[in-house]
Structure formats: C-alpha cells, structure tokens
Amino acid sequence: MENLILTTIIGFLGLVMGSFAGATVWRIRAQQLVRDKKDGEQYDKTELKRLLPLTKSSLANDRSRCLHCHHVLRWYDLLPLVSWISTKGRCRYCKQPIGKFEPLMELGTAATFLLFYHYWLQHFGFDLLWLFAGWLIALVLLVILFAYDLRWYLLPDVIMFPLIGLSALVAFIQVSLLSTSADNIVGSLLSLLGSVCILGGLYFGLWLASKGEWIGFGDVKLGIALGLLLMDWKAALLTLFLANFIGTLIVIPGLLTRRLSRQTQIPFGPLLIAGFFITVVGGEVIMTGYMNVSTWLSTTLLML
Ligand SMILES: [Zn+2]
C-alpha cells in the first residue's frame, strides 16, 4: 500500500517535471535564436517571432504561453496530460494543435522516474533519499538535453554545466558514503576515473580527430557528466556499446528505406543518454544475461 502511494507520487512528479522540462526546452531555444540573431548567424525568422514572447519573462515569474496565440495559460491549462486530453491536443483559446511534444515529454519523464525509482528501491530501499532526489534532478536535465539535441543538434551549456556540477557532487557523495575502507575508496575512485576517461576521453578523441565535424564538444561534456554518474568503467563500456547498438538499429532501416542518406546528421547526445539510462536501470540484468549465455556457450562447446 505504502509503495503504491509512493509510486503514484513519483509518477505524478515525473509528469510535472516533464511539463517543466518541455517548457524549458522552448525557452532555451528562444534564447538561442535571439543570440544567433545578435551574432549575425543564420536563424529562422518565423520561429523567432513565434518564440520571442518566451524570452520576455524571467524563469521565476514566468507563466507558460500558447506558442501560437501567446495567450497566457491558466492553471487548468497546465495540468500535465489532463489538459492535453481534455482539449484533444488543441489550444483552448485559438484551437491550434499543440503537438505531441508536451505530452511525450510528460510521459517520457514520468516513465524515466518510475523506472529509476524501481531500480533505487531494489538497491537502496528507502535509504539515501536525498541522493535519490539528486539523481532525479540529473534525470530531468538529461531529458531536456535529449529533447533539445534530438531537435536542434545542440547540447546547450545552460543545462550542461549544472549537470556536470551535479554529477560530480553525486559521484563524490556516493563514493564517500558507499566505501567502507580505504582500499575500497581507492578502488571506487579508480573505477570512477575509468568511467569518465572511457566516456569523456573517447568522445574527446573523436572530437579532436574529426576537428569537431562528427562530434561536437557538447558530446565530450555529456560523456564526462555521464561518466561521473555511472562511476563504473564496466557500466561506461556498456553505455557506449548500447548507444552504438541503438544508433545502428535506427540508421540501418533508415538507410535501406532511403529516409536517411549518408549525409544525414545524427545527434549522438540522445543515443548516449538512452544507452546511459538503460545501463543504469537494466545494466545488471544485461550483464548477468551475458554471463549466463557465455557460460552456457562455453560449456556446450566443451562438450562437443
Ligand atoms: Zn493558442
């Protein structure tokens, strides 16, 4: 019963934070367009006109607005999911379709929170709840980066730097809390260093080798943040493997159906974030499964 109530609360919190993440994505995009215009870079004029009202108010006193008619939304327009369903995905004022972005962000964040909560409960129970809260904040920042990079091929620093800071703090606390002896601490620190080197270092190498062509420096920073959060070099390797595996699964059908060409730009951020999250909540299952299969294979081969 207790667990059911907590699950509901975490799920609802996920919906609310997903709504916040969606609004933040649009606000960062608006600020980006204003900067592009000031720097004399190419930018989409109609998009800037549409998003400009989002730059006028500060984060603290901001009320979300309809992106079409700029009507200030009331509290009953901002209920996650409920508002979207009640108006069948249209703005209550101008009747323009709102799009699937908002509900997808809300559902995606809620699912992320619930999966992570399930993982946390199995490993730490109801201990270390403030560390759990730190992880939830990191996950919200990752959801924002995922959506932004998927859409505009950019991992904005306004989100990236807080994420790296938070990840370092979480890693520091986790190493000092979970290590019981001096040997233990050295081992944990080495594994943490390995994890950061594998994810951050590899992308840094690719960035250098391609002179920033295939890999943006944002991917390097993301690699460092994820390496800090994983704190384990084996998990970092699994994350890399999964990111490439998912990428291949998406790219090959796209190439075959010619929806993608060889020149299509593919954002690495979302792949890396997806690989990271699967590693966190399902890494153990994958590793044990792999061990079982390889033991089974080697014993079968020995018997032949
Ligand atoms: Zn509207």
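The model shown is predicted, which means the values in this text are computed figures rather than measured ones.

## A word on the overall build of the protein
Summing up its helical and strand segments, the protein has ten helices and zero strands in all. Ordering the α and β elements of the protein from the N terminus gives α-α-α-α-α-α-α-α-α-α. At 22 Å, the protein has a C-alpha radius of gyration in line with the 19 Å of a compact globule built from 304 residues. Counting only C-alpha atoms, the protein reaches 70 × 55 × 40 Å along its principal axes. Within the protein, the fraction of its 304 residues that count as buried is 31%. Residue pairs at least 24 apart in sequence account for 70% of intrachain contacts in the protein once pairs closer than 6 positions are excluded.

## A word on the packing of helix H9 (residues 233-256) against helix H10 (residues 268-303)
At a minimum axis distance of 8 Å, the contact between H9 and H10 shows a crossing angle of 120°. Relative to H10, H9 is oriented oblique. Classified by chirality, the crossing of H10 by H9 is right-handed. Where H9 approaches H10, its residues Ala235, Leu238, Thr239, Leu240, Leu242, Ala243, Ile246 and Gly247 are matched on the opposing element by Leu271, Leu272, Ala274, Gly275, Phe276, Ile278, Thr279, Gly283 and Ile286. Here the contact of H9 with H10 is composed, by residue class, of twelve nonpolar, five polar and no charged.

## Points about the nonpolar core
Judged by nonpolar contacts, the single largest core of 55 residues is most densely connected at Val143, Ile144 and Leu145. Of all the secondary-structure elements, those providing two or more residues to this core are helix H1 (2-38), helix H4 (101-124), helix H5 (129-152), helix H6 (157-178), helix H7 (182-209), helix H8 (217-230), H9 and H10. The greatest single-element share of this core, amounting to eleven residues, is contributed by H5. Taken domain by domain, this core gets at least three of its residues from each of domain 1 (1-127) and domain 2 (156-304). Those residues in contact with Val143 that lie beyond four places of it in its chain are Gly18, Ala21, Met105, Gly108, Thr109 and Thr112.

## Section: unusual backbone geometry
For Lys88, which is not glycine, the phi dihedral falls at a positive 55°. Take Lys88: it is sitting in the loop between helix H3 (82-86) and H4. Owing to 9 C-beta atoms within 10 Å, Lys88 belongs among the exposed residues under this scheme. We note that Tyr153 has phi near 50°; this positive angle belongs to a residue other than glycine. As for its position among the elements, Tyr153 is in the loop between H5 and H6. Classification of Tyr153 by C-beta neighbours within 10 Å gives partly exposed; the count is 14.

## Side note on H4
The periodicity of an α-helix, 3.6 residues per turn, causes residues three or four positions apart to be oriented the same way. Its 24 residues place the ends of H4 33 Å apart at the C-alpha level, agreeing with the 34 Å of an ideal helix rising 1.5 Å per residue. Where H4 is concerned, the buried positions are Glu102, Pro103, Met105, Glu106, Thr109, Ala110, Thr112, Phe113, Phe116, Tyr117 and Trp120. Of the residues one or two after H4, Gly125 is the one with positive phi, at around 60°.

## Comments concerning the domain arrangement of the protein
Here the protein is partitioned into domain 1 (1-127) and domain 2 (156-304). Computed from C-alpha coordinates alone, the two centres of domain 1 and domain 2 are separated by 27 Å. Residue assignment for the side of domain 1 that touches domain 2 shows that the elements contributing at least two residues are H1 and H4. Top element by residues in the side of domain 1 that touches domain 2 is H4. It accounts for four residues.

## So, the environment of Leu121
Inspection of the secondary structure puts Leu121 in helix H4. Residue Leu121 is classed as partly exposed on the basis of its C-beta count, with 15 C-beta atoms lying within 10 Å. Between the C-alpha atom of Leu121 and that of Ile198, which follows or precedes it by 77 residues, the distance is 28 Å.

What counts and how
- Numbers given for residues are sequential positions, taken from 1 along each chain in its written order.
- Confidence filtering applies because this is a predicted model: local features only for residues at pLDDT of at least 70, side-chain atom pairs given and counted only at 80 or more, and all residues used for totals across whole chains, interfaces and linings.
- Here a helix means four or more residues in a row that DSSP labels H or I, a strand means two or more in a row labelled E, and each is numbered from the N terminus.
- Just to be clear, the radius of gyration here is over C-alpha atoms, and the globule rule we use is 2.2 Å times residues to the power 0.38.
- Think of it as a crowd count around each C-beta: if 20 or more other C-beta atoms lie within 10 Å the residue is buried, if 12 or fewer it is exposed, and in between it is partly exposed, with C-beta placed from the backbone throughout.
- The contact criterion used is a C-beta to C-beta distance within 7 Å, with each C-beta placed from the backbone.
- To define axes, lines are fitted to C-alpha atoms, for helices over the stretch in contact only, and angles between the resulting N-to-C directions are given on a 0 to 180 degree scale.
- For classification purposes, angles smaller than 35 degrees are called roughly parallel, those larger than 145 roughly antiparallel, those between 65 and 115 roughly perpendicular, and all remaining angles oblique.
- In this scheme, a crossing is called left-handed if the near helix is turned counterclockwise away from the far one by less than a right angle; it is called right-handed if the turn is clockwise.
- Gly falls in the polar group here, along with every residue not listed as nonpolar (Ala, Val, Leu, Ile, Met, Phe, Trp, Tyr, Cys, Pro) or charged (Asp, Glu, Lys, Arg).
- Among buried residues, those of type Ala, Val, Leu, Ile, Met, Phe, Trp, Tyr and Cys that are joined through C-beta atoms within 7 Å form a set called a nonpolar core.
- Annotation comment: domain bounds sourced from an automatic or database domain assignment.
- Multiplying 1.5 Å by the residue count of a helix minus one yields the expected span of that helix.

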